[in-house]
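Analysis of the macromolecular model
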Amino acid sequence: MIDTVILEIVISLSAIIDPKRFKPEIGSWIFNQIEYKKFVNNPTNEDKKKWGYLPRLTAYLRGRLLVLKLEFSAHKMLVGNNTNEPEGNYSEAVVSRLREAVEKMGVLLSNEQIKKASVSGFHASKNIILSEGYSSAFVIRELRKADISKKFDIDLKQYRNGGEVLQFYSDHHALVFYDKIRDSEKPAKRAFDKDQTANQKSLFQNLDKQVEILRMEVRLKKGKMKEVFEKICYNNFNPTFEDILNNDLCQKILKYYWNYFFEDNMFLFDMRNNPQNVLNKILSKNKDKKMPLYKIFGLVGLIVCSKDEEGTIGVRNTLDFYKPKNNWSKTKKWLDDYKKDLDKFYLHGFVKDIESQLDEFKPLRIEIKG
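What comes next is a walk through the structure. No experiment lies behind these values; they were computed from the predicted model shown. (Residues numbered from 1 in each chain as written. Predicted model: local features only at pLDDT ≥ 70, side-chain atom pairs only at ≥ 80, totals over all residues. Heavy atoms only, no water.)

**Remarks on helix α12 (residues 293–306)**
Along its 14 residues, α12 runs 20 Å from first to last C-alpha, staying within 8% of the 20 Å computed at 1.5 Å per residue. Taken together, the buried positions of α12 are I296, L299, V300, L302, I303 and S306. The buried residues of α12 occupy an angular sector of 165° when projected down its axis, which confines them to one face. In α12, the exposed residues that point more than 90 degrees away from the buried face are L293 and Y294. Where the residues of α12 are buried, they touch α11 (275–285), α13 (311–322), α14 (328–332) and α15 (336–339). (Helix = DSSP H or I, 4+ residues; strand = E, 2+ residues; numbered from the N terminus. Expected span 1.5 Å × (residues − 1). Buried < 20%, exposed > 50% of the residue type's maximum accessible area, 1.4 Å probe, protein only. Arc of directions from axis to C-beta. Contact = heavy atoms within 4.5 Å.)

**Focus: the pairing of strand β9 (residues 213–221)**
For β9, a buried count of seven out of nine residues is recorded, marking the element as mostly surrounded by other parts of the structure. The sheet contact formed by strand β5 (residues 118–129) and β9 spans nine bridges and is antiparallel. Looking at the pairing, G121 lines up with K221 of β9. Pairing of strand β8 (residues 173–179) with β9, which is carried by seven bridges, proceeds in the antiparallel orientation. Bridge pairing in β9 links L175 to V218. (Pairing = 2+ DSSP bridges.)

**A word on the layout of surface pockets**
The calculated volume of the largest pocket comes to roughly 570 Å³. Around the largest pocket sit 29 residues that line it, and T4, R56, E71, H123 and R219 are the ones nearest its centre. Every element with two or more residues in the lining of the largest pocket is listed here: β1 (2–11), β4 (65–73), β5, β7 (164–169), β8 and β9. Tallying contributions element by element places β9 first for the lining of the largest pocket, with four residues. Here the lining of the largest pocket is composed, by residue class, of nine nonpolar, nine polar and eleven charged. (1 Å grid on protein atoms, 1.4 Å probe; cavity = no way out; pocket = protein on both sides within 12 Å on 5 of 7 lines; lining within 4 Å. Points joined across faces, edges and corners; volume = space filled by probe spheres on them. Nonpolar A, V, L, I, M, F, W, Y, C, P; charged D, E, K, R; others polar.)

**Considerations on the state of the cysteines**
Scanning the entire structure with this criterion turns up zero disulfides. Unpaired in this structure, C233 has its nearest cysteine sulfur neighbour in C250, at a distance of 17 Å. The class of C233 is exposed, set by a relative accessible area of 64%. (Disulfide = S-S within 2.5 Å.)

**Re the nonpolar core**
L70, F72, F122, F177, F241, I253 and F262 are the most contacted members of the largest nonpolar core, which has 95 residues in total. For this core, the leading source of residues is helix α10 (residues 247–262), giving eight residues. Apart from the residues lying within four places of it in its own chain, the contact partners of F241 are V5, L7, F72, V94, V95, L98, I114, K115, A117 and V119. (Core = buried A, V, L, I, M, F, W, Y, C linked by side-chain atoms within 4.5 Å.)

**Things to note about the sheet that holds β4**
The strand order β2-β3-β4-β1-β5-β9-β8-β7-β6 describes an open sheet built from nine strands, whose pairing is antiparallel. Where the open sheet ends on each side, the last strands, each with one partner, are β2 (37–41) and β6 (153–158). Sheet twist, expressed as the average angle between the axes of neighbouring strands with direction ignored, equals 15°. Sheet analysis places β7 next to β8, joined by five bridges and oriented antiparallel. Note on β8: the bridge partner recorded for V165 is Y178. Across the sheet, helix α5 (residues 136–143) lies against β6, β7, β8 and β9, angled at about 30° from β7, the strand it touches most. (Axes fitted to C-alpha atoms, helices over the stretch in contact; angles between N-to-C directions.)

**Things to note about helix α16 (residues 349–360)**
The end-to-end C-alpha separation of α16 is 17 Å, in line with the 16 Å expected for twelve residues at 1.5 Å each. Among the residues of α16, those classed as buried are G349, F350, V351, D353, I354, E355, Q357 and L358. In the core, the buried residues of α16 are packed alongside β5, α5, β9 and α10. Following α16 by one or two positions, F361 has its phi on the positive side, about 50°.

Written as structure tokens, this is what we have:
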């Protein structure tokens, strides 16, 4: 499902019906300026109490053009939270509610302007229900072990009162996992989702049963969108807002990122971690090959170390420190045969939870007592 969206629309000055809401105030004088100028219009606490969820607006003067940037959550605009996921074709409803919300903030837009707005960034997301007693915190710590390209920075945040956030990110895109329920319990300054509504915070207070929800998000900026679209066979795709309100697009983006980051790391989630079990598997896979003992035990060590708390990144960093001339790409090729024909029966159950729910892509609904 599409959550956060950043849109840009070229508007006329007459579209600003309440110029005092912008800081600084917008008036005809702005066109006498030659420099770039920014005007901010964010919802106040009073606005939120009166009207509920509202977007953040910023107007930019670029030469003689006045451009309005809108940043908002499509989910929250529609249902007041981004946990319960909308069903069916919800694009018209989102567009209409956004138009109404923007008007309350002092700007007149048409539905058509919003539909055809240029997209400068968006977040594709899915809430994953974890089964078999798995916690989001455990899953996040396991995913942290994956061997990730050095093109990405990795950030793992652990909170004292529960909840964790894992980000693989670069300048133009990011893959994020976090504990949805624990995050909703935190104050805005400490939560990962900084713009939580009252509806969102109250959603988990009276559940019929205890649930664990792992939030998965892919965050795309303009500079990365074209490349990702081509990877998922959306060629020559320059989307407007109505184009990205598309569950097929969102599903393909999330599955592409899941496979890109973790398809080659599934061996890390094999629950058979005993070193002698690993040794048995290696010998079984290589029984017809003349593999020297030093390499067999070296491979056991590499696999066991990779499954440790710091994961393959920890192994790579240790080797970089003590053996700076070591070629990590060549070293990890030792694992190629071991990874082949992996028996998914022995993988942690959270892998099936994530993959099956990405495949089915059914909207999640939280049932509340009463």
